Amino acid sequence: MTDGLPPLREVIRRHGLRARKSLGQNFLHDLNLTDRIARAAGDLADATVVEIGPGPGALTRSLLAAGARRVVAVEKDPRCLEALAEIAVVYPDRLTIVHGDALDTDVAAAVEGRARIVANLPYNVATPLLTGWLTVEPWPPWFEDLTLMFQKEVAQRIVAAPGASNYGRLSVLSGWRTEAHIAFDIAPQAFVPPPKVTSSLVRLVPRPAPLACATKDLETVTAAAFGQRRKMLRQSLKTLGDAEALLACAQLDGTRRAQDIDVAGFVRLARCLASRRDAA
Ligand code: SAM
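Sequence order sets the numbering: in each chain, residues are counted from 1 along the sequence as written. Side-chain atom pairs in this predicted model are given and counted only at pLDDT of 80 or more, local residue features only at pLDDT of at least 70, and totals for whole chains, interfaces and linings cover all residues. Hydrogens and water molecules were not included; the side-chain quantities draw on all heavy atoms of the structure.

(A) Representation of helix α6 (residues 152-159) in the model. Of the positions making up α6, those classed as buried are V154, A155 and I158. When α6 is viewed along its axis, its buried side chains cluster within an angular range of 100 degrees and face the same direction. Packing partners of the buried residues in α6 comprise α5 (126-134), β6 (143-151), α7 (169-177), β7 (178-186) and β9 (199-206). To sort residues, take the accessible area from a 1.4 Å probe on protein chains only and compare it with the maximum for the residue type: under 20% means buried, over 50% means exposed, and anything in between is partly exposed. What counts as a helix is a DSSP run of H or I of at least four residues, what counts as a strand is a run of E of at least two, and both are numbered from the N terminus. Directions are taken from the helix axis to each C-beta atom, and the arc is the one they span. Between two residues, a contact is recorded if the distance between any of their heavy atoms is within 4.5 Å.

(B) Just the packing of aromatic side chains, in detail. Only Phe, Tyr and Trp rings are paired, with Trp represented by its six-membered ring, and only when their centres lie within 6.5 Å; those with planes under 30 degrees apart are stacked, over 60 edge-to-face, the remainder tilted. In total, this model carries 4 aromatic pairs according to the counting rule given. With a centroid separation of 6.2 Å and 85 degrees between ring planes, the pair formed by W139 and F143 is classed as edge-to-face. With relative accessibility at 14%, the residue W139 sits in the buried group. A residue is classified by how much of its surface remains accessible, and F143, at 0% relative accessible area, is buried. Taken together, W139, W142 and F143 form an aromatic cluster joined through their ring pairs.

(C) Up close: the site of the ligand. The full set close to the ligand counts 20 residues, and L28, G53, E75, D101 and N120 are the nearest of them. Polar contacts here mean pairs of N or O atoms no more than 3.5 Å apart (in protein, one a potential hydrogen donor and the other a potential acceptor; neighbouring residues in sequence count only if both atoms are side-chain atoms). At a separation of 2.8 Å, an oxygen atom of the ligand approaches a polar side-chain atom of Q25. Between P54 and the ligand, the recorded distance is 3.4 Å, taken from a backbone N or O atom to a nitrogen atom. Starting from 600 Å² of accessible surface for the ligand in isolation, the protein chains cover 98%. Site definitions follow a grid-based scheme: protein atoms alone, a 1 Å grid, a 1.4 Å probe that fits but cannot get out for cavities, and for pockets an open set with protein on both sides within 12 Å along at least five of seven lines, plus lining residues having an atom within 4 Å of a point. For a molecule to be placed in a cavity or pocket, more than half of its atoms must lie within 2 Å of the grid points of that cavity or pocket. Judged by its atoms lying within 2 Å of the grid points, the ligand is housed in the largest pocket. Counting residues per element, the ones that place at least two in the shell around the ligand are β1 (27-28) and β3 (70-75). Residues are classed as near a molecule or strand on a simple rule: at least one heavy atom within 4 Å of it. Using a 1.4 Å probe, accessible areas were evaluated by the Shrake-Rupley method; residue-level cover was limited to the displayed protein chains.

(D) Quick look at helix α4 (residues 81-90). The set of residues buried in α4 consists of A83, L84, I87 and A88. One side of α4 holds all its buried residues, which, seen down the axis, span an arc of 150 degrees. Residues of α4 that are exposed and angled more than 90 degrees away from the buried face: E82 and V89.

(E) Up close: the pairing of β9. Of all 8 residues in β9, 7 are buried, a share of seventy percent or more. Any two strands with at least two DSSP-identified bridges between them are counted as paired. Note: β6 against β9, 6 bridges, orientation antiparallel. Among the inter-strand pairings, Q151 is bridged to a residue of β9, identified as S199. Judged from the 8 bridges that link them, β7 and β9 form a sheet pairing that is antiparallel. Considered in β9, the bridge of I182 is made with V202.

(F) Here's a closer look at empty space enclosed by the protein. Grid points are joined across faces, edges and corners, and a volume is the space filled by probe spheres set on the points. Inspection of every chain in the model, using the stated rule, returns 1 cavity of 30 Å³ or more. Of the voids in this model, the largest cavity is the one considered here, and its volume is about 50 Å³. Lining the largest cavity are L5, P6, L8, V11, P56, R61, A83, E86 and I87. At the level of elements, α1 (8-14) and α4 are the ones that each hand at least two residues to the lining of the largest cavity. Ranked by the residues each element gives to the lining of the largest cavity, the list is headed by α4, at 3 residues. Considered class by class, the residues forming the lining of the largest cavity number 7 nonpolar, no polar and 2 charged. Residue type decides the class: Asp, Glu, Lys and Arg count as charged, Ala, Val, Leu, Ile, Met, Phe, Trp, Tyr, Cys and Pro as nonpolar, and the leftover types, Gly among them, as polar.

(G) Fine view of the state of the cysteines. Cysteine sulfur atoms are paired as a disulfide whenever they come within 2.5 Å of each other. With the rule as written, the count across this model stands at 1 disulfide. What pairs with C249 in a disulfide is C272, and their sulfur atoms sit 2.0 Å apart. The S-S bond linking C249 to C272 shows a torsion near -85 degrees; that makes this disulfide left-handed. Remark: C272 occurs in helix α11 (residues 263-279) and C249 occurs in helix α10 (residues 243-249); sequence separation between them is 23 residues. By relative accessible area, which is 42% here, C249 ends up partly exposed. Overall, the relative accessible area of 7% leaves C272 in the buried class. In this model C213 remains outside any disulfide bridge; the closest cysteine sulfur is found in C272, 11 Å from its own.

Given below as structure tokens:
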């Protein structure tokens, strides 16, 4: 990539961007790697890309160089804003910098039409951000896809299949509304400072028509089932009332455990919970 901007190391030094742990800051310096992340997001030409946590802007530069029509970048750390403004000068009218906390910024309102979300997420808010995107209404959502970097262990939970030891609430939610896969891993040495663990880039593509059920009911049944994941369902679902009736309605064997129930099984449980409530 040749955008005429200085190398990241120099940008970071000039703006005194010493990484802060409290903000989950592990910066990427290698523009070849951020170009690879941008490529993994697919064809960005004409896309509006939402980036959470641009930091000094390595990935931002790659997204713009890859042809994104517009990048809306939400950054909490005011120290990064000057460095980001320098990128905006090189790409006039294409970079919108939003200073704020992504957890309480209505990013959807800042984009027109369908957007793509691409980010090297701050690890301390990565799961709540993803959960927020997966539970958004209406569905199909305001974004076309998500290309997100997580700690590898979280990435593996997102894509885990029934029966796997790391299959849990996040896997059910992701599998219900999206098709998710790990694109590639990134070694700790690619970041400054290097985190303790490997990272993985995950691609999530929304399913146009997920099995019908209310998000809150699905969350209620998975919370009960995985809250006591070693117990049989007939035991763990007692927190929801008559577990045997719920299991019969959902055609599930009460001696099975949460780990072995696929997304369709949890959706049936969620629907049965709703119809029991409606009948009451
Ligand atoms: N995108 C940059 C890169 O790849 O080098 C930085 C990634 S760093 C892992 C995470 C970034 O998210 C940091 O710039 C941090 O300041 C920012 N951040 C942390 N918490 C945030 C929040 N709640 N909302 C928006 N940005 C946040």
